[in-house]
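What follows is the residue order along each chain.
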Amino acid sequence: MVGVHAGLEYLMDEAGYSRAGYHRSPVAGRTTGRWVDAHDWVVSIWRHHTSRDGDPQLHVHAAVVNRVRCPDGVWRSLDSQAIASARPAAGAIAERTAEEDLSRRLGPEFRMQPDGIAREIVGIDEAVRDLFSSRRRAISAGTAELAASHGQRHGYAPSAYVLRLMAEHVTLKARARKPEQSPGRDELLDRWDQEVRTQLGGTLDSVIASVQLDPDRRRQAAVFSRSTSSSRRSPMWKRSRRCGTATTWS
């Protein structure tokens, strides 16, 4: 939650703008439209502990209402283009802030994965990660099946863009319904422990031990901080579209 709040604060500060006036066809290169501050968002935060398949997956959904009260008292829509532009940076801030907070509290060590795409906690075996990545296995298998069918029909492999569309299709098609009654924490822990025992011959306790939590590292955790400025930059250089629905950020 510390990371989520940091990411949202960055989004509200950097992308909290709305448009007023006329922004369409310019006359002599100008329009009467202007950007106005819209930094006080209405956000509904939903915490989740598992994936739809019941694997451990801590994550948070932050649904941002696409209406905000501007300083002049008028409720307007947010500039969706500004939000889209700032989301990658907000995600990075959320992740690194969460990492720093966890390191300070419990002392785990983080490192960049070999592929350079994401960071991971040192000590968690790859077999354990794969065991609790049932959604990824299902999506990868379904995407591979569609890609093979595409190759047989067209005589060539699908492009990276088509593969992404296939993965998105499989993600939605293979998504399980959320349970009517979520299992309790003890039930989840017992089930996960049994999976580790059955599939890998270990225990959840052994996973925790492999992370090597060191209380002394709590004082050594490097503090991540982004540069902050009291001045908010107006995104006058951005062109935007009106977002007709609530924007979800997670």
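Residues numbered from 1 in each chain as written. Predicted model: local features only at pLDDT ≥ 70, side-chain atom pairs only at ≥ 80, totals over all residues. Heavy atoms only, no water.

Turning next to the overall build of the protein chain. The helix and strand inventory of the protein chain stands at 7 helices and 9 strands. Looking at the 250 residues of the protein chain, the share that counts as buried comes to 31%. Pairs at least 24 apart in sequence give 61% of the contacts found in the protein chain among residues at least 6 apart. Element-wise, carbon and sulfur atoms account for 51% of the exposed surface of the protein chain, whose accessible area totals about 16900 Å². (Helix = DSSP H or I, 4+ residues; strand = E, 2+ residues; numbered from the N terminus. Buried < 20%, exposed > 50% of the residue type's maximum accessible area, 1.4 Å probe, protein only. Contact = heavy atoms within 4.5 Å. Areas by Shrake-Rupley, 256 points an atom, 1.4 Å probe, with all protein chains shown as cover.)

Take the pairing of strand S3 (residues 43–50) next. Here S3 runs beside strand S4 (residues 56–64); their pairing, made up of 7 bridges, is antiparallel. Looking across to S4, one finds that Ser-44 is bridged to Ala-63. Adjacent in sequence and paired antiparallel, S3 and S4 are bridged by 5 residues, among which Gly-54 carries a positive phi angle near 85°. (Pairing = 2+ DSSP bridges.)

With the rule as written, the count across this model stands at 10 salt bridges. One salt bridge connects Arg-76 with Asp-72, and the closest N-O pair in it is separated by 2.8 Å. On the accessibility criterion, Arg-76 (13% relative accessible area) is buried. Among the ionic pairs, Glu-168 bridges to Arg-164, the shortest N-O distance being 2.8 Å. Taken together, the positions of Glu-168 and Arg-164, both in helix H5 (residues 160–173) and 4 residues apart, correspond to about one turn of that helix. With a relative accessible area of 38%, Glu-168 lands in the partly exposed category. Overall, Arg-164 belongs to the partly exposed group, its relative accessible area being 44%. What you see here is one network of salt bridges that share partners, running through Glu-100, Asp-101, Arg-104 and Arg-105. (Salt bridge = Lys/Arg side-chain N within 4 Å of Asp/Glu carboxyl O.)

So, about the side chain of Asp-193. Relative to the assigned elements, Asp-193 resides in helix H6 (residues 185–200). Residue Asp-193 is classed as buried on the basis of its relative accessible area of 17%. Every residue in contact with Asp-193, bar those within four places of it in the chain, is listed here: Thr-203 and Leu-204.

Per-residue confidence for the protein chain gives a mean pLDDT of 81, with 80% of residues at or over 70. Across residues 228–250, where pLDDT falls below 50, the model places 51 contacts with residues more than four positions away in sequence or in other chains. (pLDDT = per-residue confidence, 0-100.)

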